[in-house]
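# Breakdown of the fold
Residues per chain, in single letters:
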Amino acid sequence: MARNALSLGTLTARDHAFYGLVWAGSTLTARVDQALARRHDLPLSWFEVMLWLNFQQEPVAASELGAMTLLSRSQVSRVVDSLRGRGLVERIPSPTDARSVGIALTEAGRRAFAEADATRREALAEVFDDVLDDADIDCLEAIWAKLKAVPRKDRQA
């Protein structure tokens, strides 16, 4: 069967930029997810939760993790339960509210995160780091800052 040249037709520059972001996000996410699963048996959603926990000095509420990771409350709960089952996170009772618990990485979790993050960097090296220079990264940072600054309607009370 002959291959046809697929086309999206005539896109505006804004539409092209949007679909480019979608493509880049999907492609890079899949690459990292595959590498983490293959080397560490660690889904990307688990890695993302560990990423946020790694940089916190205090335990974090599950609701905060959900807000930062874009995972639902039930997804965060399942991820935390799975990580806890592997000894990578622990639930710590709140010192000020007996009904609340925080989530924190264990020492094993910090080591596992460091190893997984090295895998992430390696998976992205030739398709991200080696392709983009410092000026490109600065532009991306400026774009993400603008997009993140827009209030999310689904998070408003």
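Before reading on, note that the structure itself is shown above.
Small disclaimer: the values here were computed from a predicted structure and weren't measured. (Residues numbered from 1 in each chain as written. Predicted model: local features only at pLDDT ≥ 70, side-chain atom pairs only at ≥ 80, totals over all residues. Heavy atoms only, no water.)

On to the overall build of the protein, then. Looking only at helices and strands, the protein has six helices and two strands in total. Each helix and strand of the protein, placed in order from N terminus to C terminus, yields the pattern α-α-α-α-β-β-α-α. Referenced to the eigenvectors of the C-alpha coordinate spread, the extents of the protein come out at roughly 60 × 40 × 40 Å. Split into buried and exposed, the 157 residues of the protein put 22% on the buried side. Across the protein, contacts joining residues at least 24 apart in sequence account for 52% of those joining residues at least 6 apart. As displayed, the protein has an accessible area near 11500 Å², and 55% of this comes from carbon and sulfur atoms. Taking the average place of the 20 positive charges on the side chains of the protein and the average place of its 22 negative ones, the gap between the two points comes to 7 Å. (Helix = DSSP H or I, 4+ residues; strand = E, 2+ residues; numbered from the N terminus. Buried < 20%, exposed > 50% of the residue type's maximum accessible area, 1.4 Å probe, protein only. Contact = heavy atoms within 4.5 Å. Areas by Shrake-Rupley, 256 points an atom, 1.4 Å probe, with all protein chains shown as cover. Lys, Arg positive; Asp, Glu negative; His and termini not counted. Charge placed at Lys NZ, Arg CZ, Asp CG, Glu CD.)

Moving on, we come to the packing of aromatic side chains. Enumeration according to the criterion identifies three aromatic pairs in this entry. Centroid distance Phe18 to Tyr19: 5.1 Å. Interplanar angle 70 degrees. Geometry classified as edge-to-face. Given a relative accessible area of 47%, Phe18 falls into the partly exposed group. A relative accessible area of 43% means that Tyr19 is categorised as partly exposed. For the pair Phe47 and Phe113, a centre-to-centre distance of 5.2 Å together with 20 degrees between the ring planes defines the contact as stacked. With a gap of 66 residues between them, Phe47 in helix 2 (residues 44-54) and Phe113 in helix 5 (residues 107-129) connect regions that are remote in the sequence. Each of the two residues, Phe47 as well as Phe113, counts as buried. One aromatic cluster is present, built from ring pairs that chain together Phe47, Phe55 and Phe113. (Phe/Tyr/Trp six-rings, centres within 6.5 Å; stacked < 30°, edge-to-face > 60°.)

The subject of this paragraph is unusual backbone geometry. Among all residues except glycine, the phi angle is most often negative; among peptide bonds, the trans geometry is most common. Of note, Asp41 is a non-glycine position whose phi angle comes to about 50 degrees, a positive value. Given a relative accessible area of 57%, Asp41 falls into the exposed group.

Let us now look at the pattern of salt bridges. It is possible for side chains bearing opposite charge to pair when their charged atoms get close. This model, assessed by the stated rule, comprises six salt bridges. For Arg31, the salt bridge identified is with Glu126, shortest N-O distance 3.4 Å. Placement of the pair is Arg31 in helix 1 (residues 13-40) and Glu126 in helix 5, with a sequence separation of 95 residues. A residue is classified by how much of its surface remains accessible, and Glu126, at 56% relative accessible area, is exposed. Through salt bridges with shared partners, one network takes in Asp117, Arg120 and Arg121. (Salt bridge = Lys/Arg side-chain N within 4 Å of Asp/Glu carboxyl O.)

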